[in-house]
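One letter stands for each residue in the lines below.
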Amino acid sequence: MATSNHTSSVVRKSSASGGFKETIRLLGKQRSLLFMSIPVIVYVFIFNYTPLWGLTMAFQNFKPGKTFWQQEWVGLKQFERLFTDQRFLRVIRNTIVMSSMNLFIGTAVAIIFALLLNEIKHTGYKRVVQSISYLPHFLSWIIVTGLVANFLSTDDGIVNNFLLSLGIVDKPILFLGEPKLFWWVVNGAHIWKETGWNSIIYLAAISGISPELYEAAYMDGANRFQNMIYITLPGIKSTFVILMIMNLGFILNAGFEVQYLLGNGIVSDVSETIDIFVLKYGIASNNFSFATAAGMFKSVVSIIMITVANFAAGKLGEEKLF
Amino acid sequence: MAKAKDIKQNNVASNIFDIANYFFMFIVVFVMLYPFWNTIVISFNDAMDSIKGGLWFWPRKPTFFNYKTLFQTRNLIDAFWVSVSKTVIVTVLNVFCSAMAAYILSRKEFVLRNFMTKFIVATMYVNAGLIPQYFLYRSLGLINNYLVYIIPVMLGAFNVMVIRTFIHELPESLAESAKIDGAGEFRIFIQIIIPLCKPVLATIALWVAVGTWNAWFDTFIFASSKQKLSTLQYEMMKLLSSSMVQTRAVDPNLKAHGSSNIITPNSIRAAITIVASAPIIVSYPFLQKYFVQGLHLGGVKG
């Protein structure tokens, strides 16, 4: 008995010190787990790690017909080209503006919606409203942009009909063909689709606030509006801060779908994002190296921003993402 | 006295606020649902009549013709079955593989556990981008191949981490006692872990199913030159871009043969919109709690 205890403690010690032989021996003992993990490792390696090798294209003048060894290496020339290209600087601007609008305006609307929904006392009504509010989140952007295009149509679109009948405008507005309005249309579509979903987490945070706080405030003569400002809003502050920081890390991911689907030649100056740029100037015109460089720029900046955001969240004493 | 008056005023204000708030929420519901209702109306209304406009709440010339055309158009029927089959296959495979990976990562004694966790979590943040991905798929022969819908999406890193968190909360003694009884790891996974994980697996299955059903980008990039591989969403996308410019143009290709009836892109699109969103909208009231449950399963930690 005593000896077996002794050996097992020795085993643990040597495995902790990272003995290679010991690891192999343990792996032999855990071979059924090993057999299960091999396909997973191979799969993830092939589909997530081997494409990283393709990033070498950003430093070449890649021609599809040649082998890797025949490619011409050009160093940072593709990146130089990228940053002197007006179109690229424009898509960076578009990406940042549209994701910032979605982040800030979208969050503000979601919080207001959560605050108002929280004031509904009838639980059944509240639940029905909430469920319906996040239904659009589960529909594809194709469906949503289809609905948006129908509704904003100059030809009997409901929004234009409504504006005309109220006399706000005297001729239909070409919502999808007006560069000045495009960002607002994207933002509006985003708000329609995601407000309900984004408000879920704030409603959960609100329901976590102690009811005693409200009772105490009521005793002191606070009205509902004051309760909202002085108790509910501070109560969801930490949720707000952490979500803001995390989403700032993803700011270059303005998406692709909605801009691609709603965009057209007239508004392309304001509608194209980095992802559309990669697609349009990469795959469509065989400029593979140039587009890879653009995609790589986006990935590298995103990783840096996410790491910083994660660090900031940790500093603020919030739960880290990784 | 002053205070009582204050409270009374407060109550009046509070009541007005309540009424306004209830009304506001009603408008929210209307804004969320009306676009669908209007689309349903258009999809059931005669296409030529719809061109006249002014359709609000009820079809003026009710007809099933739009749907009939939809289900008689070869391309659309094919696309429908591609969408259905890939959704079913991907959901089953992704849930199974993600659960298996999660089980491996949850075995605390496993030597490769730390390495594998980092190996999988890193994929959520590191991404080579579209073009390297395209060349990989090409060298694997996945371009214009049905398998491009299946193989690249068999495992989701985020799903793995959500399931793993759930397994961690299960009592460890269950797996332990099965082990003492001589069950192998794979059997423990199949017979004990999977049944216990049903709630989280249901949520993941819904996420994956919705995501796969809604996907069009994969068709667009990797399979667009093969009509047989088109999906319902992709067919919709093509109609959307063709009709965005000229909303009411009549497309001669969509004229059903042997009939004088005419169909417009707008009407057929309304019908496809309803068919493409029906599975989600119809199942939504019943599965709603699983749709959002994942948010509460919550904290994914690396």
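Refer to the structure printed above.
Rules behind the numbers
- Within every chain, residues take consecutive numbers counted from 1 along the sequence as written.
- Numbering of ligands from 1 and lettering of chains from A proceed in the order in which they are written.
- Local features in a predicted model are, by the rule used here, given only for residues with pLDDT of at least 70; side-chain atom pairs are given and counted only at 80 or more, and totals for whole chains, interfaces and linings are based on all residues.
- Side-chain metrics in this entry use all non-hydrogen atoms of the structure; hydrogen atoms and water are not considered.
- Residues enter a patch when their relative accessible area is above 30% and they make no salt bridge; the linking distance is 9 Å between like charges and 5 Å between nonpolar side chains (Val, Leu, Ile, Met, Phe, Trp, Tyr).
- Here the Shrake-Rupley method, with its probe set to 1.4 Å, supplies the accessible areas, and only the displayed protein chains count as covering residues.
- We count a salt bridge whenever a side-chain nitrogen from Lys or Arg sits within 4 Å of a carboxyl oxygen from Asp or Glu.
- Note on conventions: DSSP H or I runs of at least 4 residues are helices, E runs of at least 2 residues are strands, and numbering of each starts at the N terminus.
- Only protein chains enter the accessibility calculation, which uses a 1.4 Å probe; a residue is then buried when its area is under 20% of its type maximum, exposed when over 50%, and partly exposed in between.
- Each pair of aromatic rings taken from Phe, Tyr and Trp, with Trp reduced to its six-membered ring, is defined by centres within 6.5 Å and is described as stacked if the planes are under 30 degrees apart, edge-to-face if over 60, and tilted in the remaining cases.
- Any Lys NZ or Arg CZ found within 6 Å of a ring centre and within 35 degrees of that ring's normal is scored as a charge over the ring.
- Note on contacts: a residue pair qualifies if any of its non-hydrogen atoms lie within 4.5 Å across the two residues.
- A simple way to read buried area is as the amount of 1.4 Å-probe accessible surface that goes missing from two parts once joined, with both sides added.
- Residues adjacent in sequence count toward polar contacts only when both atoms are side-chain atoms; beyond that, a polar contact is any pair of N or O atoms within 3.5 Å, and within protein one must be able to donate a hydrogen and the other to accept it.
- As a working rule, the residues Ala, Val, Leu, Ile, Met, Phe, Trp, Tyr, Cys and Pro are called nonpolar, Asp, Glu, Lys and Arg charged, and the rest polar, with Gly in that last group.
- The definitions used throughout rest on a 1 Å grid laid over the protein atoms alone, on which a cavity is an enclosed set of points accommodating a 1.4 Å probe that cannot get out and a pocket is an open set flanked by protein within 12 Å on both sides along at least five of seven lines; lining residues are those having an atom within 4 Å of a point.
- Grid points are joined across faces, edges and corners, and a volume is the space filled by probe spheres set on the points.
- Note on geometry: axes are C-alpha line fits, over the in-contact stretch for helices, and angles between N-to-C directions span 0 to 180 degrees.
- Note that the term roughly parallel is reserved for angles under 35 degrees, roughly antiparallel for angles over 145, roughly perpendicular for angles of 65 to 115, and oblique for everything else.

### A short note on a nonpolar patch on the surface
Residue and element names in this part refer to chain B.
In step 1: On the surface, F23, F26, I27, F30, V31, W37, W56, F57 and W58 cluster together into a nonpolar patch covering about 970 Å² of accessible area.
In step 2: The residue W58 is located in the loop between helix 2 (47–51) and helix 3 (65–70) in this model.
In step 3: Note on W58: relative accessible area 62%, which makes it exposed.

### Some remarks on the packing of aromatic side chains
In step 1: Scanning the model with the defined rule gives 45 aromatic pairs over all chains in all.
In step 2: Arranged with centres 6.3 Å apart and planes meeting at 50 degrees, the rings of F217 of chain B and F220 of chain B form a pair that is tilted. Taken together, the positions of F217 of chain B and F220 of chain B, both in helix 11 (residues 217–222) and 3 residues apart, correspond to about one turn of that helix.
In step 3: Overall, the relative accessible area of 27% leaves F217 of chain B in the partly exposed class.
In step 4: Linked through ring pairs, Y43, F47, F62 and F288 of chain A together with Y134, F135, Y137 and F222 of chain B together constitute an aromatic cluster.
In step 5: The residue whose ring lies beneath K193 of chain A is W141 of chain A, and the NZ or CZ to ring-centre distance is 4.9 Å.

### Things to note about the interface of chain B and chain A
In step 1: Between chain B and chain A, the residue contacts involve 91 residues of the former and 83 residues of the latter.
In step 2: Buried surface at the junction of chain B and chain A, both sides included, amounts to about 7,800 Å², of which 76% is carbon and sulfur.
In step 3: On the chain B side of the contact with chain A, M32, Y125 and I131 of chain B bury the most area, a combined 9% of that side's loss.
In step 4: Counting across the chain B and chain A interface gives 1 salt bridge.
In step 5: Salt-bridge contacts for D18 of chain B lead to R224 of chain A; the nearest nitrogen and oxygen are separated by 2.9 Å.
In step 6: Seen at the junction of chain B and chain A, the total is 20 residue pairs in polar contact (both at pLDDT 80 or more).
In step 7: Here the side of chain B that touches chain A gets 19 residues from one element, more than from any other, and that element is helix 1 (residues 2–43) of chain B.
In step 8: Along the lines of polarity and charge, the residues of the side of chain B that touches chain A split into 62 nonpolar, 20 polar and 9 charged.

### Considering empty space enclosed by the protein
In step 1: Counted under the stated rule, the structure contains 4 cavities of 30 Å³ or more.
In step 2: Forming the boundary of the second largest cavity are V278, A291, T292, G295 and M296 of chain A together with A128, G129, L130, I131 and P132 of chain B.
In step 3: For the lining of the second largest cavity, the leading source of residues is helix 16 (residues 288–315) of chain A, giving 4 residues.
In step 4: Partitioning the lining of the second largest cavity into residue classes produces 7 nonpolar, 3 polar and no charged.

### A word on the packing of helix 16 of chain A against helix 6 (residues 130–139) of chain B
Relative placement of two packed helices is described by the angle separating their axes and the distance separating the axes.
In step 1: One can describe the packing of helix 16 of chain A onto helix 6 of chain B by two numbers: an axis separation of 8 Å at closest approach and a directional angle of 125 degrees. Here helix 16 of chain A is positioned oblique relative to helix 6 of chain B, judged by the angle of their axes. Seen from helix 16 of chain A, the contacting residues are F288, A291 and T292 of chain A; seen from helix 6 of chain B, they are I131, P132 and F135 of chain B.
In step 2: Classifying every residue of the contact of helix 16 of chain A with helix 6 of chain B by side-chain character gives 5 nonpolar, 1 polar and no charged.

### Quick notes on the pattern of salt bridges
In step 1: Per the counting criterion, the structure on display carries 15 salt bridges over all chains.
In step 2: A salt bridge links D269 of chain A to R90 of chain A; its shortest N-O distance comes to 3.3 Å. With D269 of chain A in helix 14 (residues 268–271) and R90 of chain A in helix 5 (residues 86–118), this residue pair connects regions lying 179 residues apart in the sequence.
In step 3: Classification of D269 of chain A as partly exposed rests on a relative accessible area of 42%.
In step 4: The partner of K193 of chain A in a salt bridge is E194 of chain A, and the shortest N-O contact between them spans 3.4 Å. One exposure class covers both K193 of chain A and E194 of chain A, and it is buried.
In step 5: Among the charged side chains, a salt-bridge network with shared partners connects E119, K121 and R224 of chain A together with D18 of chain B.

### A look at the layout of surface pockets
In step 1: Computed from the structure, the second largest pocket encloses a volume of approximately 1,100 Å³.
In step 2: Together, 35 residues line the second largest pocket, and F151, V159, G188 and W192 of chain A together with V31 of chain B are the ones closest to its centre.
In step 3: Broken down by secondary-structure element, the contributors of at least two residues to the lining of the second largest pocket are helix 5, helix 7 (141–152), helix 8 (158–165) and helix 9 (179–207) of chain A together with helix 1 of chain B.
In step 4: For the lining of the second largest pocket, the element with the highest residue contribution is helix 9 of chain A, accounting for 9 residues.
In step 5: Residue classes in the lining of the second largest pocket are distributed as 29 nonpolar, 6 polar and no charged.

Don't take any of this as a statement about function, it's just geometry.
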